[in-house]
Amino acid sequence: MTNSSETGNPGLMAKAVREGIFAGVIAFGMFLLYVGIETYQNIDNRLVWRTRWGLLAIFVIVAAVARFLTVGFIKPHLDRRKLAKAKSGILEISEEKGFLRTHFLKIALIALLLYPPVSVMLFGPQGSLKYVDNFGIQILIYVMLAWGLNIVVGLAGLLDLGYVAFYAVGAYSYALLAQHLGLSFWLLLPLAGILAACWGVILGFPVLRLRGDYLAIVTLAFGEIIRLVLINWTDVTRGTFGISGIPKASVFGIWSFDVGSANYFPKAFGLATSSAWYKIFLFYVILALCLLTAYVTIRLRRMPIGRAWEALREDEIACRSLGINTVTTKLTAFAIGAMFGGFAGSFFATRQGFVSPESFVFLESAVILAIVVLGGMGSLTGIAIAAVLMVGGTELLREMEFLKLVFGPDFTPELYRMLLFGLAMIVVMLFKPRGFVGSREPTAFLKERKAVSGSFTKEGHG
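Residues numbered from 1 in each chain as written. Predicted model: local features only at pLDDT ≥ 70, side-chain atom pairs only at ≥ 80, totals over all residues. Heavy atoms only, no water.

Draft legend 1. Broad picture of the packing of helix 6 (residues 164-181) against helix 7 (residues 185-204). Put simply, helix 6 and helix 7 touch, their axes get as near as 8 Å, and they point 140 degrees apart. Relative to helix 7, helix 6 is oriented oblique. Between helix 6 and helix 7 lies a crossing of right-handed hand. Two secondary-structure elements touch here, helix 6 through Phe-166, Val-169, Gly-170, Ser-173, Tyr-174, Leu-177 and Ala-178 and helix 7 through Phe-185, Leu-188, Leu-191, Ala-192, Leu-195, Ala-196, Trp-199, Gly-200 and Leu-203. Per-class residue counts for the contact of helix 6 with helix 7 are 13 nonpolar, 3 polar and no charged. (Axes fitted to C-alpha atoms, helices over the stretch in contact; angles between N-to-C directions. Helix = DSSP H or I, 4+ residues; strand = E, 2+ residues; numbered from the N terminus. Parallel < 35°, antiparallel > 145°, perpendicular 65-115°, else oblique. Left-handed = near helix turned anticlockwise from the far one by under 90°. Contact = heavy atoms within 4.5 Å. Nonpolar A, V, L, I, M, F, W, Y, C, P; charged D, E, K, R; others polar.)

Written out as structure tokens, the structure reads:
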């Protein structure tokens, strides 16, 4: 019996056409006010508006055609492949690992270590600034933040929508203590993490009995409370003006990156004066912090506390019936996750040299949580890949000037980065609902460690 989808089912094509038209209508309604109509100030300083029907038509056509192809061709093809694999008995997860899969982490680490010097060789010190800072450091900050949140959400199963609050605590702790006490970066880095961990415990106590949506609402409120305190406590935080002139980090107090100092780093090594050397130094610092986060997460996951987190994530009632203290389990998850957020915040402060409440809005928490979900909860490799694709992809939009040839000379790619970010999330969730890495290796196993398919785990948990 021939599969009807292979011979071109008229009913399927009719459904695809209907779905495409429906998607086009929905896209027209969604993008009419945001894309089709543009407001601007004219020469008389009056607010006027104009239409952009061509740009709106492109969005509608893309949505309609994409939906038509998905329903009519892509989804049937994927269903046929899945059915063929099931009939042939092919395992969803192969037991054999290729060279790339076996040595992926080693190759990635070597590539990261060589990334700054290769950028300097190809583009020169000043030319490498964009690649080391915007792509290297920026992505690694989000990798560290996502790995820290992964302890709370991915391992312990506690939905935290206010994680950016710990990021802010670390940044402001470093900024205020560095300015008022003159302490060094290497002393303030662990101190900022400890202070953020204390705030994690403070958040953990009120939410011990909360789960699911209620927990998400309380953590969201906590993040907003911290942001409003930063705005209104002007005597300490300077409010919306922020804190500027934050001291730079030094190479363990031996060499400084201040141009006027006697132990100026480029001068000591006979290098040309450039701010690129400081960014390269910061790249290796954040890389070391990311490796520390990954190492601690892996070690904790194999310890009893890590297994208690996973038990709590799967079923809290069963976790209590086994005699696991859920109070300490939750508090340790919040504290350790917050600590890594504080580390990232202190690094962010020394990298920017300026902090303000606008850097710690709810959108940052949403982006970090999206990276954790898209990468696969509990999977460090998947989360890192998601951070590279999402953060690096949005940064690439700034370089895509050729899009102006398609959408017109007034098109500004970076203004649509969150729109494309959302579309990418929808596509990934449709085809990879359990994240980029839909499998995981359990910490407890009998005789032989085997990867567990995402089909046997809760959706989104890897």
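Past the structure itself, the notes keep going.
Draft legend 2. Structural view of a nonpolar patch on the surface. On the surface, a nonpolar cluster with roughly 960 Å² of combined accessible area is contributed by Ile-61, Val-65, Leu-69, Phe-73, Ile-74, Leu-78, Leu-423, Ile-426, Val-427, Leu-430 and Phe-431. Counting only elements with at least two residues in the nonpolar patch, the list comes to helix 2 (53-88) and helix 18 (417-431). The dominant element in the nonpolar patch, judged by the number of residues it contributes, is helix 2, at 6 residues. Tracing the backbone shows Phe-73 in helix 2. (Patch = residues over 30% accessible without salt bridge, like charges linked within 9 Å, V, L, I, M, F, W, Y side chains within 5 Å. Areas by Shrake-Rupley, 256 points an atom, 1.4 Å probe, with all protein chains shown as cover. Salt bridge = Lys/Arg side-chain N within 4 Å of Asp/Glu carboxyl O.)

Draft legend 3. Summary view of the pairing of strand 1 (residues 37-41). Alignment of strand 1 against strand 2 (residues 47-51), held across 5 bridges, turns out to be antiparallel. Residue pairing in the sheet places Glu-38 in a bridge with Arg-50 of strand 2. (Pairing = 2+ DSSP bridges.)

Draft legend 4. Broad picture of the side chain of Thr-326. Of note, Thr-326 is situated in helix 14 (residues 326-352). In this view, Thr-326 contacts Leu-312, Glu-316, Cys-319 and Arg-320; residues no more than four positions away in its chain are not counted.

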